[in-house]
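Observations on the model geometry
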Amino acid sequence: MNAIDILKADHERVKTILTQLNDSTERAVKKRAELIAKLEMEITLHTKLEEEILYPAYKKAGGKEQEKMYYEAKEEHRTVDSLVLPDLKATDPASVEFSGRAKVVKELLEHHIEEEETEMFPQAKKLLGKEQLDELGAQMESMKASYKKSLGDGMAA
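For clarity, every value in this text was computed on a predicted model and none was experimentally measured. (Residues numbered from 1 in each chain as written. Predicted model: local features only at pLDDT ≥ 70, side-chain atom pairs only at ≥ 80, totals over all residues. Heavy atoms only, no water.)

A closer look at the overall build of the protein
Selection criterion: Counting from the N terminus, the helices are the DSSP runs of H or I reaching at least four residues and the strands are the DSSP runs of E reaching at least two. C-alpha atoms define the radius of gyration, and 2.2 Å times the number of residues to the power 0.38 defines the globule rule. Note on classification: 1.4 Å probe, protein chains only; a residue is buried when its accessible area is under 20% of the maximum for its type, exposed when over 50%, partly exposed between these limits. Contact criterion: two residues are considered in contact whenever any of their non-hydrogen atoms come within 4.5 Å of each other. Surface accessibility follows the Shrake-Rupley procedure with a 1.4 Å probe radius. Residue values consider only the protein chains on display as shielding. For the purpose of counting charges, residues Lys and Arg are taken to be positive, whereas Asp and Glu are taken to be negative. His and the chain ends are not included. Charge positions are represented by NZ for Lys, CZ for Arg, CG for Asp and CD for Glu.
In terms of helices and strands, the protein carries 4 helices and 0 strands. The linear arrangement of helices and strands in the protein, starting from the amino end, is α-α-α-α. Over its C-alpha atoms the protein spans a radius of gyration of 16 Å, differing by no more than 12% from the 15 Å that the globule rule assigns to 157 residues. Principal-axis analysis of the C-alpha atoms gives the protein an extent of 50 × 35 × 20 Å. In the protein, buried positions account for 39% of the 157 residues. Of the contacts formed within the protein by residues at least 6 apart in sequence, a portion of 77% connects residues at least 24 apart. Approximately 8800 Å² of the protein is accessible, and the part contributed by carbon and sulfur atoms is 52%. On the protein, the mean spot of the 25 positive side-chain charges and the mean spot of the 32 negative ones are 2 Å from each other.

This is the structure we're talking about:
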């Protein structure tokens, strides 16, 4: 698979988790905790793939506009990883506050995904070409495999 196909598949998994989280009720404490753990794992790996593999290649191949988009995307990752997700994890899953925070996380991530898929990814396809995207995809597969291995058997679900 090429890099963009891998990242789009990740996006679909994240959107599914976000929808399940958003649709859950205050009574679904255990389910919410499981979904948060799943979401965090998906986002952590996805962010590594983008920031260590695709984004640098995209920035290098592009010009000023791509450099700006590179920094904007990294800032959106930082906002989710450092602020929004930790806040959500620290919120009581049985509370209405959790529901509100989950909705905001969903909106932020969906905005980020849409920007990547409508702006960055089409540009990356043009700038990098099929061969380089396939090469980056292979690097991503390898990084995913070693990440999952480092997590141990906890991933075998």
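Things to note about the side chain of Ser-95
Within the secondary structure, Ser-95 sits in the loop between helix 3 (64-89) and helix 4 (96-151). Residue contacts for Ser-95: discarding those within four places in its chain leaves Glu-26 and Arg-32.

Observations regarding the pattern of salt bridges
Worth spelling out the cut-off: By convention in these notes, a salt bridge is any Lys or Arg side-chain nitrogen within 4 Å of a carboxyl oxygen on Asp or Glu.
Applying the stated criterion to the full structure yields 12 salt bridges. Of the charged contacts, one joins Lys-15 and Glu-12 as a salt bridge, the two residues approaching to 3.4 Å between their closest N and O atoms. Highlighted residues: Lys-15 and Glu-12, both in helix 1 (residues 3-23), separated by 3 residues, approximately one helical turn. Judged by relative accessible area, Lys-15 falls into the partly exposed class, the value being 25%. A salt bridge links Arg-101 to Glu-97; the nearest nitrogen and oxygen atoms lie 3.4 Å apart.

So, the nonpolar core
Operational definition: Here, nonpolar core refers to any group of buried Ala, Val, Leu, Ile, Met, Phe, Trp, Tyr and Cys residues whose side-chain atoms link them within 4.5 Å.
Grouped together as the largest cluster of nonpolar side chains are 23 residues, with contacts concentrated most on Leu-49, Leu-54, Met-120, Leu-128, Leu-133, Leu-136 and Met-140. Elements with a contribution of two residues or more to this core: helix 1, helix 2 (29-61), helix 3 and helix 4. Examining the composition of this core, we find that 9 residues originate from one element, helix 4, more than from any other. Contacts of Met-140, omitting those with residues within four sequence positions, involve Ala-3, Ile-6, Leu-7, Leu-49, Ile-53 and Leu-54. If you look at the next biggest cluster of nonpolar residues, it comprises 17 residues, including Leu-35, Ile-43, Val-80 and Val-84.

In short, geometric facts, not functional conclusions.
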